[in-house]
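Examining the three-dimensional arrangement
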Amino acid sequence: AFPNGQGYAWGKVCPQFTPFGAIRGNVNHDNERYGMYLDNQYPRNLDRDENGFVQSGCPEFTLDGKDNGVSPANVVEDEFDY
């Protein structure tokens, strides 16, 4: 709902492109639509400060034209949705 953040964090975050790393042993329950959807996350190599705010890295490509995507992007293991 707030792709650029809100309040003090406005312009200092890019949630759609922030890697969430690994999810292990997670259970999603009481979901009306079958759990967790990971269909619009495009994790990037973000440079963040000590507070977690993004300094650079939200664009799709680096300044020299290279792909800025994280590889491996995200890892989901032992996920159970019901």
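Whatever comes next refers back to the structure up there.
Summary of the structure given here. (Residues numbered from 1 in each chain as written. Predicted model: local features only at pLDDT ≥ 70, side-chain atom pairs only at ≥ 80, totals over all residues. Heavy atoms only, no water.)

1. Some remarks on the overall build of the protein chain
The number of helices and strands found in the protein chain is 0 helices and 6 strands. Along the protein chain, from the amino end to the carboxyl end, the secondary structure elements read β-β-β-β-β-β. Against the globule reference of 12 Å for 82 residues, the protein chain gives a C-alpha radius of gyration of 15 Å, more extended than a compact globule. Once the C-alpha set of the protein chain is aligned to its principal axes, its extents read approximately 45 × 30 × 20 Å. (Helix = DSSP H or I, 4+ residues; strand = E, 2+ residues; numbered from the N terminus. Rg over C-alpha atoms; globule rule 2.2 N^0.38 Å.)

2. Here we look at the state of the cysteines
This structure, assessed with the given rule, holds 1 disulfide. Each disulfide pairs two cysteine sulfurs, and for cysteine 14 the partner residue is cysteine 58, the sulfurs being separated by 1.9 Å. On the sign convention where negative is left-handed, the bridge of cysteine 14 and cysteine 58, at about -85° about the S-S bond, is left-handed. In this pair, cysteine 14 is assigned in the segment before β1 (22-24) and cysteine 58 in the loop between β4 (54-56) and β5 (75-77), connecting sequence segments 44 residues apart. (Disulfide = S-S within 2.5 Å.)

3. Some thoughts on the pattern of salt bridges
Pairing between side chains of opposite charge can happen when the charged atoms of each approach one another. Counted by the stated rule, this structure contains 2 salt bridges. In this structure, arginine 24 engages glutamate 77 in a salt bridge whose closest nitrogen and oxygen atoms are separated by 2.9 Å. Residue arginine 24 is located in strand β1, and its partner glutamate 77 is located in strand β5; the two are separated by 53 residues in the primary sequence. Judged by its relative accessible area of 55%, arginine 24 falls in the exposed class. With a closest N to O distance of 3.9 Å, aspartate 64 and lysine 66 form a salt bridge. For aspartate 64, a relative accessible area of 55% gives the class exposed. (Salt bridge = Lys/Arg side-chain N within 4 Å of Asp/Glu carboxyl O. Buried < 20%, exposed > 50% of the residue type's maximum accessible area, 1.4 Å probe, protein only.)

4. Points about the side chain of arginine 44
Along the chain, arginine 44 falls in the loop between β2 (27-28) and β3 (47-48). Notably, arginine 44 is buried but unbridged: the nearest opposite-charge side chain belongs to glutamate 60, and the N-O separation is 5.1 Å. Ignoring anything within four residues of it in the chain, the contact list for arginine 44 reads Phe17, Pro19, Gly57, Cys58, Pro59, Glu60, Asn68, Gly69 and Val70. (Lys, Arg positive; Asp, Glu negative; His and termini not counted. Contact = heavy atoms within 4.5 Å.)

Read these as geometric descriptors, not functional statements.
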